[in-house]
Amino acid sequence: MMFSRKAVYALVLPLMVEQLLGVTIGMADTVMVSSCGEAAVSGVSLVDSINILLIQIFAAMATGGAIVSAQYLGRQNREKANLSAKQLFFIVAVLSCFIMLLCLALNNPLLHLIFGSAEESVMANCETYFFWSALSYPFIGLYNAGAALFRSMNNSKVSMLTSLGMNAINVSGNALLIFGFQMGVAGAAIATLVSRVVGASVMLLLLLRPHNVIYIDTFRRFRPDWRMVRTILAIGIPSGLENGMFQIGKILVQGLVASLGTIAIASNAVAGSVAGIPQIPGAAIGLGLITIVGRCVGANEYEQARKYIIRLTGLAYVAMAVLSAGLILAARPVIQCYGLLGETSDLAFELLVANCLASIVLWPASFVLPNGLRAANDVKFTMTVSVLSMWIFRIGFSYLLVYGFQMGVLGVWVAMFIDWGVRIIAFVARFLSGKWTAKKLAD
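Residues numbered from 1 in each chain as written. Predicted model: local features only at pLDDT ≥ 70, side-chain atom pairs only at ≥ 80, totals over all residues. Heavy atoms only, no water.

Asks: Mind showing me how you'd approach the overall build of the protein chain here?
Replies: Along the backbone of the protein chain there are 16 helices and zero strands. Here the protein chain has a C-alpha radius of gyration of 21 Å; the compact-globule value for 443 residues is 22 Å, and the two agree. Taken over the C-alpha atoms alone, the protein chain extends approximately 60 × 45 × 35 Å along its principal axes. Burial statistics for the protein chain: of 443 residues in total, 57% are counted as buried. For the protein chain, restricting intrachain contacts to residue pairs at least 6 apart in sequence, the fraction spanning at least 24 positions comes to 84%. When the accessible surface of the protein chain is summed, it comes to about 17,600 Å², and 67% of that surface belongs to carbon and sulfur atoms. The positive charge centre, built from 29 side chains, and the negative charge centre, built from 19, are 16 Å apart in the protein chain. (Helix = DSSP H or I, 4+ residues; strand = E, 2+ residues; numbered from the N terminus. Rg over C-alpha atoms; globule rule 2.2 N^0.38 Å. Buried < 20%, exposed > 50% of the residue type's maximum accessible area, 1.4 Å probe, protein only. Contact = heavy atoms within 4.5 Å. Areas by Shrake-Rupley, 256 points an atom, 1.4 Å probe, with all protein chains shown as cover. Lys, Arg positive; Asp, Glu negative; His and termini not counted. Charge placed at Lys NZ, Arg CZ, Asp CG, Glu CD.)

Asks: Is there a simple way to explain the layout of surface pockets in this structure?
Replies: Take a probe with the size of a water molecule and roll it over the atoms, and the empty space left behind shows itself. Within this model, the largest pocket holds a volume of roughly 370 Å³. Considering the residues around the largest pocket, the lining is formed by 20 residues, among which Leu53, Leu54, Ile57, Ile248 and Ile251 are closest to the centre. The set of elements that each furnish at least two residues to the lining of the largest pocket consists of α2 (38-74), α3 (78-105), α4 (107-115) and α9 (226-258). Tallied by class, the residues present in the lining of the largest pocket amount to 18 nonpolar, two polar and no charged. (1 Å grid on protein atoms, 1.4 Å probe; cavity = no way out; pocket = protein on both sides within 12 Å on 5 of 7 lines; lining within 4 Å. Points joined across faces, edges and corners; volume = space filled by probe spheres on them. Nonpolar A, V, L, I, M, F, W, Y, C, P; charged D, E, K, R; others polar.)

Asks: How should I be thinking about the packing of α9 against helix α16 (residues 409-433) in this particular structure?
Replies: For the pair α9 and α16, the least separation of the axes is 10 Å and the interaxial angle reads 160°. The angle between the axes of α9 and α16 places the two elements in the roughly antiparallel class. Relative to α16, the crossing made by α9 is right-handed. Note on element contacts: α16 touches α9 through Val409, Val412, Asp419 and Arg423, opposite Phe246, Val253, Leu256 and Val257. Across the contact of α9 with α16, the residue classes break down as six nonpolar, no polar and two charged. (Axes fitted to C-alpha atoms, helices over the stretch in contact; angles between N-to-C directions. Parallel < 35°, antiparallel > 145°, perpendicular 65-115°, else oblique. Left-handed = near helix turned anticlockwise from the far one by under 90°.)

Asks: Please clarify how the environment of Met153 should be interpreted in this entry.
Replies: Relative to the elements of secondary structure, Met153 occurs in the loop between α6 (137-152) and α7 (157-180). Measuring from C-alpha to C-alpha, the distance between Met153 and Ile292 comes to 10.0 Å, with 139 residues separating the pair along the chain. Ignoring anything within four residues of it in the chain, the contact list for Met153 reads Leu73, Leu207, Asn212, Val213, Ile214 and Arg295.

Asks: Please explain the packing of aromatic side chains as it appears in this structure.
Replies: Each aromatic ring pair is summarised here by two numbers: the centre-to-centre distance and the angle between the ring planes. Scanning the model with the defined rule gives 12 aromatic pairs in all. Considering the side-chain rings of Phe381 and Phe427, the 6.4 Å spacing of their centres and the 70° angle between planes classify their relative orientation as edge-to-face. Of this pair, Phe381 sits in helix α15 (residues 379-404) while Phe427 sits in helix α16, placing them 46 residues apart in sequence. Exposure remark for Phe381: the relative accessible area of 23% places this residue in the partly exposed category. One aromatic cluster is present, formed by Trp363, Phe367, Phe417 and Trp420 through successive ring pairs. Sitting above the plane of the Phe349 ring, Arg332 keeps its charged end 4.0 Å from the centroid. Over the ring of Phe381 we find Arg430; its NZ or CZ atom is 4.3 Å from the centre of that ring. (Phe/Tyr/Trp six-rings, centres within 6.5 Å; stacked < 30°, edge-to-face > 60°. Lys NZ or Arg CZ within 6 Å of the ring centre and 35° of its normal.)

Asks: Looking at this model, I keep getting lost on empty space enclosed by the protein. Mind explaining?
Replies: Counted under the stated rule, the structure contains two cavities of 30 Å³ or more. Counted as a void, the second largest cavity has a volume near 80 Å³. As for the second largest cavity, its lining consists of Thr63, Ala66, Ile67, Ala70, Ala148, Arg151, Ser152, Leu287, Ile290 and Thr291. Those elements that place two or more of their residues in the lining of the second largest cavity are α2, α6 and α11 (280-298). Ranked by residue count, the leading element in the lining of the second largest cavity is α2, at four residues. When grouped by side-chain class, the residues that make up the lining of the second largest cavity number six nonpolar, three polar and one charged.

Asks: Sorry, what's going on with the pattern of salt bridges here?
Replies: A side chain with one charge can pair with a side chain of the opposite charge if their charged atoms come near. A full pass over the atoms with the stated rule returns six salt bridges. In this structure, Arg374 engages Glu242 in a salt bridge whose closest nitrogen and oxygen atoms are separated by 2.2 Å. Of this pair, Arg374 sits in helix α14 (residues 369-375) while Glu242 sits in helix α9, and the two are 132 residues apart along the sequence. Comparing Arg374 with Glu242, the two get one shared label, buried. (Salt bridge = Lys/Arg side-chain N within 4 Å of Asp/Glu carboxyl O.)

Asks: Sorry, what's going on with a nonpolar patch on the surface here?
Replies: A cluster of nonpolar side chains, Ile248, Leu252, Leu260, Trp391, Tyr399 and Tyr403, forms an exposed patch at the surface whose accessible area comes to about 490 Å². Those elements that place two or more of their residues in the nonpolar patch are α9 and α15. For the nonpolar patch, the element with the highest residue contribution is α15, accounting for three residues. Within the secondary structure layout, Leu252 lies in helix α9. (Patch = residues over 30% accessible without salt bridge, like charges linked within 9 Å, V, L, I, M, F, W, Y side chains within 5 Å.)

Asks: Could you clarify how one ought to interpret helix α10 (residues 262-275) in this entry?
Replies: The α-helix winds at 3.6 residues per turn, so residues separated by three or four positions along the chain end up facing the same way. Given a rise of 1.5 Å per residue, 14 residues ought to cover 20 Å, and the 19 Å separating the end C-alpha atoms of α10 matches this to within 8%. Of all 14 residues in α10, 12 are buried; the element is thus mostly enclosed. (Expected span 1.5 Å × (residues − 1).)

Asks: Explain the side chain of Arg423 here, please?
Replies: Inspection of the secondary structure assignment puts Arg423 in helix α16. Residue classification places Arg423 among the buried positions, given a relative accessible area of 2%. Discounting chain neighbours no more than four positions away, the residues touching Arg423 are Phe246, Ser366, Phe367, Val385, Ser386, Ser389 and Met390.

Below, the structure written as structure tokens:
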């Protein structure tokens, strides 16, 4: 086997810590911002739905580059792995800077187009938070590219330690700017900006070291290698479209939630920030699966790739079941940390328990398993299934359950669970068919 059990755990465990940091720091952000009132929490939540959309697009491009690099490493072709790394940074830098400028120019019109039904106080917080968030897009894009490349080298400790430092900066910056300087949501966004600048800088400096399996010799006299760019984009664009359309759908659903009032927005925001906890091991295992399957595919070891997909998806089920059960027991105390009262607190509890139960049964096969297909270059199929399922089932059923069956914000979450179930049917059938093994990376 190309990866021993020890090597798998060495790759996955730091990723779990990194994912845990991301979720817990997101929770800390929300708790700190909640001191500024429910309008602030709601504003940050709505803008974060846009932020997540764009970050997912950057991450998809980074994943495309990492898959290409991992497959070249599987072929023992270090020269092309290094070339793909440099081209990846070029792609991400251009894309993220373009998106940043676009968001800065369209700050007010874009927010009013998507969340026009939000209350005036919520919209004011949205505009402030979105401005500062947009400035950080190039830096989070470059950080994601660097982290993905280190994962393709089986070195997830680098991104874990860098993430730890970024989160420490973010939390301390929040404490200083929100509580010390009373800057509200602007303080939270500025702290995030500074942490992302530091993270991107660290990744770039580390990748310049020639002792790495993949490294960047220099950016001087850089010229795009358009053939390599096309190879990366052949994986990155379908993944980016998949993630982008997925998040656009979530934004539209957020607009639906915004129309239900501040109680629905706040309870949805709190439940959403905590709901990621049971998914931490699944998300980490999914990232590790990209590296493992990518290496196997590069070496033409498809039977090993098949075994790793089954084993790691099963591991995700076990780990997520344990965390979900624990979170159900701790749900009330956790929600109390956000300062929600009465009906808002009860609704957040209901949403959180429903999510935990669905995560145990549905999440791993919906999101971990398809990462194995993506790492084998089967990106068009996963994109098609994800986009159609998102728009038909999550969005369509959200409006049906909220307005047709009067289920309120709970209907949005039930529609999400239906979407997960549909994905399982499609991805498991594709995996069992073996058609994903027929996709080859161009030389």
